[in-house]
Amino acid sequence: MVAKRLQILKEAMPSAAKVAYLTSSRTLMDTPLGLSLQKAGQALGIVLSWNFLPEVNDEQLRRTFAELTSQRFDAAMVDASGSFLARRASITELAGKLHLPIIYPFRDYADSGGLISYAPDLGELAERLAVDVHQVLNGTRPGDIPIYRPSKFHLVINLKAASALSLEMPPTLLARADEVIE
């Protein structure tokens, strides 16, 4: 998923060469997810920078965004942790104010004014969770229930945010979007 988000970001901004990844996990870069993202970045010609936020609050976000601006990052990605989601309004506001294109892990960010989100269909995941809970309540051992991976994903593009960032979204990307916010 994160590698796909990076690919979508590169498609939206072909000139992007320096991208920050905002995370609250100091060890993410050493996980399979982090290694996959690094590999995708190399393949796309993107230098990826891991930006660890020890605490996700408004003050820390302002500091981090100021650093990203001073270091001239082309774009950024936000980790899927709930601590970022809880601050989505602050994050999208700072991104707009500082003209930093960001791809997000949930559509809530695009609804809050963020540029692009690419996320699993949470409705599908909720249905799957209900099936799993039903099985457990009927006596199935949780360890006997197979792990489910989402199969439906949604790409949401906020054209208002793109316009504010002076970005023109490629027609091919717009055509693939599940929703375009105008």
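Above this text sits the structure in question.
Notes on the structure follow. On a predicted model such as this, the values are computed, not experimentally measured, just so you know.

### What about the pattern of salt bridges?
And step 1. What the rule picks out here adds up to eight salt bridges.
And step 2. Of the charged contacts, one joins K97 and E93 as a salt bridge, the two residues approaching to 3.5 Å between their closest N and O atoms. Taken together, the residues K97 and E93, both in helix 5 (residues 88–97) and four residues apart, mark about one turn of the helix.
And step 3. Note on K97: relative accessible area 57%, which makes it exposed.
And step 4. Looking at E93, the relative accessible area reads 49%, which means it is partly exposed.
And step 5. Taking the shortest distance from any N to any O, the salt bridge between R107 and D111 comes out at 3.0 Å.

### A look at the sheet that holds strand 2 (residues 47–52)
And step 1. Judged by pairing direction, the sheet is mixed, and its seven strands sit side by side in the order 2-1-3-4-5-6-7 without closing on themselves. Each of the sheet's edge strands pairs with one partner strand only, and the pair in question is strand 2 and strand 7 (179–181). In this sheet, adjacent strand axes meet at a mean angle of 20° when their direction is disregarded.
And step 2. Bridge count between strand 3 (residues 75–78) and strand 4 (residues 102–104): two bridges; the pairing is parallel. What sits directly across from A76, in strand 4, is I102.
And step 3. The strands touched by helix 3 (residues 58–70) within the sheet are strand 1 (18–23), strand 2 and strand 4, with strand 1 carrying the most contacts at an inclination of about 170°.

### Remarks on the nonpolar core
And step 1. L6, V19, L37, M77, I116, L155 and M169 are the most contacted members of the largest nonpolar core, which has 29 residues in total.
And step 2. Elements that contribute at least two residues to this core include exactly helix 1 (2–12), strand 1, helix 2 (32–44), strand 2, strand 3, strand 5 (116–120), strand 6 (153–158) and helix 8 (159–164).
And step 3. In terms of residue count, the dominant contributor to this core is helix 1 (five residues).
And step 4. Apart from the residues lying within four places of it in its own chain, the contact partners of M169 are A12, L115, I116, I157, L159, A162 and L174.
And step 5. Membership of the second largest hydrophobic core comes to 19 residues, among which are V78, A95, L100 and F106.

### Notes on the packing of helix 1 against helix 2
And step 1. Remark: helix 1 packs on helix 2, axes separated minimally by 8 Å, with the N-to-C direction vectors making an angle of 25°. Considering the angle they form, helix 1 stands roughly parallel to helix 2. Taken as a pair, helix 1 and helix 2 cross one another with a handedness that is right-handed. In contact with V2, A3, L6, Q7 and K10 of helix 1, helix 2 contributes L33, S36, L37, A40, G41 and L44.
And step 2. In the contact of helix 1 with helix 2, the residues fall into seven nonpolar, three polar and one charged.

### Focus: the packing of aromatic side chains
What characterises a pair of aromatic rings is the spacing of the ring centres plus the angle enclosed by the ring planes.
And step 1. Across all of its chains, the model carries three aromatic pairs by this definition.
And step 2. With a centroid separation of 5.6 Å and 15° between ring planes, the pair formed by Y118 and F153 is classed as stacked. With Y118 in strand 5 and F153 in strand 6, this pair connects stretches of sequence that are 35 residues apart.
And step 3. Overall, Y118 belongs to the buried group, its relative accessible area being 13%.
And step 4. Its relative accessible area of 26% is what places F153 among the partly exposed residues.
And step 5. We note K18 situated over the ring of F73; from NZ or CZ to the ring centre the distance is 4.7 Å.

### What about unusual backbone geometry?
And step 1. In this model, H99 sits at a positive phi of 55°, which is unusual for a non-glycine residue.
And step 2. Positive phi outside glycine occurs at S166, with the angle close to 60°.
And step 3. Its location among the elements puts S166 in the loop between helix 8 and helix 9 (171–176).
And step 4. A residue is classified by how much of its surface remains accessible, and S166, at 66% relative accessible area, is exposed.

Procedures and definitions
Residues numbered from 1 in each chain as written. Predicted model: local features only at pLDDT ≥ 70, side-chain atom pairs only at ≥ 80, totals over all residues. Heavy atoms only, no water. Salt bridge = Lys/Arg side-chain N within 4 Å of Asp/Glu carboxyl O. Helix = DSSP H or I, 4+ residues; strand = E, 2+ residues; numbered from the N terminus. Buried < 20%, exposed > 50% of the residue type's maximum accessible area, 1.4 Å probe, protein only. Pairing = 2+ DSSP bridges. Axes fitted to C-alpha atoms, helices over the stretch in contact; angles between N-to-C directions. Contact = heavy atoms within 4.5 Å. Core = buried A, V, L, I, M, F, W, Y, C linked by side-chain atoms within 4.5 Å. Parallel < 35°, antiparallel > 145°, perpendicular 65-115°, else oblique. Left-handed = near helix turned anticlockwise from the far one by under 90°. Nonpolar A, V, L, I, M, F, W, Y, C, P; charged D, E, K, R; others polar. Phe/Tyr/Trp six-rings, centres within 6.5 Å; stacked < 30°, edge-to-face > 60°. Lys NZ or Arg CZ within 6 Å of the ring centre and 35° of its normal.

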